[in-house]
Amino acid sequence: MNKNYLILTILALILGFGILFMPDIKHNNEIKPEKLLLMVDEPSRFLSSDVITDRLVKKDPALVLIDVRSAAEFKTFAIPGSINIPLDSLLETSSLEIMGTKDLDKVFYSNADVAADQAWIICKRMGFETIYVMQGGLNNWFNTIVKAEKPADTEPIETVELYQFRKGASQYFYGNGDSTAGQSQQNTQKKTTILMKKEAGASSGGGC
Amino acid sequence: MKEELNKTKRLTIAVVSIVIVFIFGLLTFQAPELEYKLNPEKILARSNNPDFSLNIMQAKELIGKPDGKAVFVDIRNIISFERSHLENAINMPLRTLFDKSNQKTLKSFNKKGVTVILYGETARQAIDAWMMLQQVGIQNVKIVDGNSDALQSKVIHDNVISTEISTVDLKVLKTMTSSTTQSSEGTAEAPKKTVNPKKVEASKGGGC
């Protein structure tokens, strides 16, 4: 009878030890790979640069724009009002605190949207909510908002309104370039702008 | 005497039932089919290392080579794939990457040391797939940093820039902010011809 007890104890001990070394599956908040893949395939995480600009101009307190480029790039040029969390320090405690704030809409951007999307996938996997990616990134933001191109008079009214909004927003951020003194210098610089606009137009299609 | 026997019997029954429960548990226990092989820190470290990305030129060099060292995987949807795709490319739409058959194929490539080269509608779509595959342990994967149209076009680009390069033209900004910071800058500011990086897109036109 004693023997039986002994066997029972040993058995329970061995199995208990076995459980100790089982693969640890404790990441409760983590989203399963299958589910994450479907989320990744959904385009709803992308916000257009117009939507974000609109919220910036209105000083929406629930919006945090996060620049995931390096600190040096951030210093050279960044969207006014954004904060810098370089991609390699994404998982530091201070950054995770921002991610964990519930009522904020966190929007990632990088030069394009590749690095921003990587940040999004990692954060989404860890279970963070209300995170987004700015579509097209900084390059697209710059080209649509700062360098907004004037539509032709024949364009529909929506296009003209969109242009006026973009122009207004860019003046909100950077002031009106063609006011005040310094006319001559201004003029030469204005010419540069026009020149660049021409270059930006891609030639499509050739013929005989 | 009889009581003694009963006790032993009860004990034996207890031991046997416990063992049966444990064995049953062990038999039905199976690891989830897909699980993360990399923790967030590791996948972040890999995201920061740009080794995984091939530019269009590098990718094109690999197209014609049937040496079995690399295989192109097209992650666009079936319709786009049917319309046009690289020769010998395999179609695995992003959404179906974790399907059993696809996982089997990818794992067998991984075992044989064949590099999987992902390309999609854009570099962003490719990076999505790359992130998901890395995280579930399929590691020998690279992406084409560019869109599938450029990859498939026969035109040779010698000026291939990465998607994540800034194309923001700080000169334009200077002209815009010059009204506010008039005194500090200016005189040396001769209008130079700025060279905008060429777009990666292929020219669609043909000649005769």
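Residues numbered from 1 in each chain as written. Chains lettered and ligands numbered in written order. Predicted model: local features only at pLDDT ≥ 70, side-chain atom pairs only at ≥ 80, totals over all residues. Heavy atoms only, no water.

Caption draft 1: Highlighting the overall build of chain A. When you go through chain A residue by residue, the secondary structure sums to nine helices and five strands. For chain A, the succession of helices and strands along the chain, N to C, is α-α-β-α-β-α-β-α-β-α-β-α-α-α. Residue burial in chain A is summarised as follows: out of 208 residues, 40% are buried. For chain A, restricting intrachain contacts to residue pairs at least 6 apart in sequence, the fraction spanning at least 24 positions comes to 64%. Only carbon and sulfur atoms are counted for the fraction: they give 59% of the accessible area of chain A, which is about 11,600 Å². (Helix = DSSP H or I, 4+ residues; strand = E, 2+ residues; numbered from the N terminus. Buried < 20%, exposed > 50% of the residue type's maximum accessible area, 1.4 Å probe, protein only. Contact = heavy atoms within 4.5 Å. Areas by Shrake-Rupley, 256 points an atom, 1.4 Å probe, with all protein chains shown as cover.)

Caption draft 2: A look at a nonpolar patch on the surface. Together, Ile19 and Met22 of chain A together with Ile18, Phe22 and Phe29 of chain B give the surface a local cluster of nonpolar side chains, amounting to about 430 Å² of exposed area. In this structure, Ile19 of chain A sits in helix α1 (residues 2-20). For Ile19 of chain A, a relative accessible area of 53% corresponds to the exposed category. (Patch = residues over 30% accessible without salt bridge, like charges linked within 9 Å, V, L, I, M, F, W, Y side chains within 5 Å. Salt bridge = Lys/Arg side-chain N within 4 Å of Asp/Glu carboxyl O.)

Caption draft 3: Spatial organisation of the pattern of salt bridges. In total, this model carries 12 salt bridges over all chains according to the counting rule given. With a closest N to O distance of 3.5 Å, Asp117 of chain A and Arg124 of chain B form a salt bridge. In this pair, Asp117 of chain A sits in helix α6 (residues 114-125) while Arg124 of chain B sits in helix α6 (residues 123-135), so the two residues belong to two different chains. Judged by its relative accessible area of 0%, Asp117 of chain A falls in the buried class. Relative accessible area serves as the criterion here: at 17%, Arg124 of chain B is assigned to the buried category.

Caption draft 4: Highlighting the side chain of Ser153 of chain B. In this structure, Ser153 of chain B sits in the loop between α7 (148-152) and α8 (170-177). In terms of polar contacts, Ser153 of chain B uses its side chain to reach the backbone carbonyl oxygen of Ala150 of chain B, at 3.3 Å. (Polar contact = N/O pair within 3.5 Å; in protein donor to acceptor, adjacent residues only side chain to side chain.)

This is a description of form; function is not addressed.
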